[in-house]
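Structure assessment
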Amino acid sequence: MTRYLRTHLIIVLAGFILMSPVYGATQKEIRILIDVSGSMKWNDPENLRIPALKLITGLLPKNTNAGVWTFGKYVNMLVPVGTVDNAWRKHAMAAAGKISSHGLYTNIEDTLADASWGWSKPDENTQRSIILLTDGYVDISADTLRGSCPARGCTGEAESQASRSRILNLILPKLQQAGVTIHTIALSE
C-alpha cells in the first residue's frame, strides 16, 4: 500500500471514528494505541504513525476524554487520559515525535487490557472507542520472532498463540459487553 493511499485511509477512518455519534451518548472516551515494535520498521517504514497521531489529535472533538499508549513488549502511557483541550493537544502533538520502531515484541493483549482499564460495564452516556494502529502481529517471545526453538523446547510460538487466543476469547468479548468499539488501522498487508 502506498504512503498516499495509507495516509488517506487513515484520514477517512479517523474522521469517521471521531465524528460518528452513538445514539444517546453525550461524552466520548477514546484510547489511541500505537505499535512501536520492531516489525513496524518493515510494515511502516515511513513511520506514518506520527502523522496519524497528529491528525487524530487535531480531529478529536473538544471535551473528549482521550489518552495515548505505545506498545511493544511493554505498554507505555505516552499521553495520560485527559480532557481534550489546547494543552492536551499540544502535549499529544509533542509526544508524537517519540513514536519509533524500537520496541521488542508486540504485546497487544496487555495493551488492550491496560488502555481499557475501568471499562468493565457499559455506559449509555459515553461512546467508548479504541483506535489501534498496528501491523497485527502478536509476538510476545523471542522464539516467535526468530522462528526457532531453543534447546529447552519451543515455547515462543505457544506463548504468542495463547496470547492471541486470550485477545479473541476473553478481552474482545469483555470490551464488546462494555460497549467499547475497536477501530483497527492495519499497517501491514
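All values reported here derive from a predicted model rather than from experimental measurement. (Residues numbered from 1 in each chain as written. Predicted model: local features only at pLDDT ≥ 70, side-chain atom pairs only at ≥ 80, totals over all residues. Heavy atoms only, no water.)

1. What about the overall build of the protein chain?
The helix and strand tally for the protein chain stands at seven helices and five strands. Along the protein chain, helices (α) and strands (β) appear in the sequence α-β-α-α-β-β-α-α-β-α-α-β when read from the amino end. Put simply, the protein chain has 189 residues, and 47% of those count as buried. Nonlocal contacts in the protein chain, meaning residues at least 24 apart in sequence, comprise 74% of its contacts between residues at least 6 apart. Summed over its atoms, the accessible surface of the protein chain is roughly 9900 Å², and 58% of this surface lies on carbon and sulfur atoms. (Helix = DSSP H or I, 4+ residues; strand = E, 2+ residues; numbered from the N terminus. Buried < 20%, exposed > 50% of the residue type's maximum accessible area, 1.4 Å probe, protein only. Contact = heavy atoms within 4.5 Å. Areas by Shrake-Rupley, 256 points an atom, 1.4 Å probe, with all protein chains shown as cover.)

2. Notes on helix H5 (residues 108-115)
Burial in H5 covers these residues: Ile108, Glu109, Thr111, Leu112 and Ala115. At its buried positions, H5 is contacted by strand E1 (27-35), strand E2 (65-71), strand E3 (75-83), strand E4 (126-134), helix H7 (156-177) and strand E5 (180-186).

3. Looking at helix H3 (residues 49-59)
Those residues of H3 that sit buried are Arg49, Ile50, Ala52, Leu53, Ile56 and Thr57. Down the axis of H3, the buried set is contained in an arc of 165°. They therefore lie on one face. (Arc of directions from axis to C-beta.)

4. Let's talk about the nonpolar core
Among the nonpolar cores identified, the biggest contains 24 residues, and Ile32, Leu53, Val68, Trp88 and Leu133 are the most heavily contacted of them. In contact with Leu133, not counting residues within four places along its chain, are Ile32, Leu33, Ile34, Asp35, Arg49, Ala52, Ile56, Phe71, Ile185 and Leu187. With 15 residues, the next largest nonpolar core counts Leu112, Val138, Leu175 and Val180 among its residues. (Core = buried A, V, L, I, M, F, W, Y, C linked by side-chain atoms within 4.5 Å.)

5. Remarks on the sheet that holds E3
An order of E3-E2-E1-E4-E5 is seen for the five strands of this open sheet, with the pairing classed as mixed. Of all strands in the sheet, those bounded by a partner on one side alone are E3 and E5. Between one strand axis and the next, the sheet turns through 15° on average, direction left out of account. In this sheet, E5 lies alongside E4 in parallel orientation, the contact comprising seven bridges. Across the sheet, Arg128 pairs through a bridge with Val180, a residue of E5. Those strands touched by helix H4 (residues 86-96) are E2 and E3, and its axis lies near 160° from that of E3. (Pairing = 2+ DSSP bridges. Axes fitted to C-alpha atoms, helices over the stretch in contact; angles between N-to-C directions.)

6. A few points about the environment of Ile108
Within the fold, Ile108 resides in helix H5. Each residue touching Ile108, except ones within four places of it in the same chain, is listed here: Phe71, Leu132, Thr134, Gly136, Tyr137, Val138 and Ile167.

7. Some words on the pattern of salt bridges
Under the defined criterion, the tally for this structure stands at four salt bridges. A salt bridge links Arg166 to Glu109, with the shortest nitrogen-to-oxygen separation between them at 2.6 Å. On the criterion of sequence distance, the pair formed by Arg166 in helix H7 and Glu109 in helix H5 is long-range, its members being 57 residues apart. On the basis of relative accessibility, which here comes to 33%, the residue Arg166 falls in the partly exposed class. (Salt bridge = Lys/Arg side-chain N within 4 Å of Asp/Glu carboxyl O.)

8. Some details on the layout of surface pockets
Counted as a void, the largest pocket has a volume near 200 Å³. In terms of lining residues, the largest pocket is bounded by Ala113, Ser116, Trp117, Gly118, Trp119, Ser120, Leu170, Ile171, Lys174 and Leu175. Top contributing element to the lining of the largest pocket by residue count: H7, with four residues. Reported here for the second largest pocket is a volume of approximately 170 Å³. Lining of the second largest pocket is provided by Ile108, Leu112, Leu132, Thr134, Gly136, Val138, Arg164, Ile167, Leu168, Leu172, Ile182 and Thr184. Going through the elements one at a time, H5, E4, H7 and E5 are the ones with two or more residues in the lining of the second largest pocket. When residues in the lining of the second largest pocket are grouped by element, the largest group, four residues, is from H7. A breakdown of the residues in the lining of the second largest pocket according to their chemical character gives eight nonpolar, three polar and one charged. (1 Å grid on protein atoms, 1.4 Å probe; cavity = no way out; pocket = protein on both sides within 12 Å on 5 of 7 lines; lining within 4 Å. Points joined across faces, edges and corners; volume = space filled by probe spheres on them. Nonpolar A, V, L, I, M, F, W, Y, C, P; charged D, E, K, R; others polar.)

9. A word on unusual backbone geometry
The residue Asn63 is not glycine, and still its phi comes out positive at about 75°. Position of Asn63 among the secondary structure elements: in the loop between H3 and E2.

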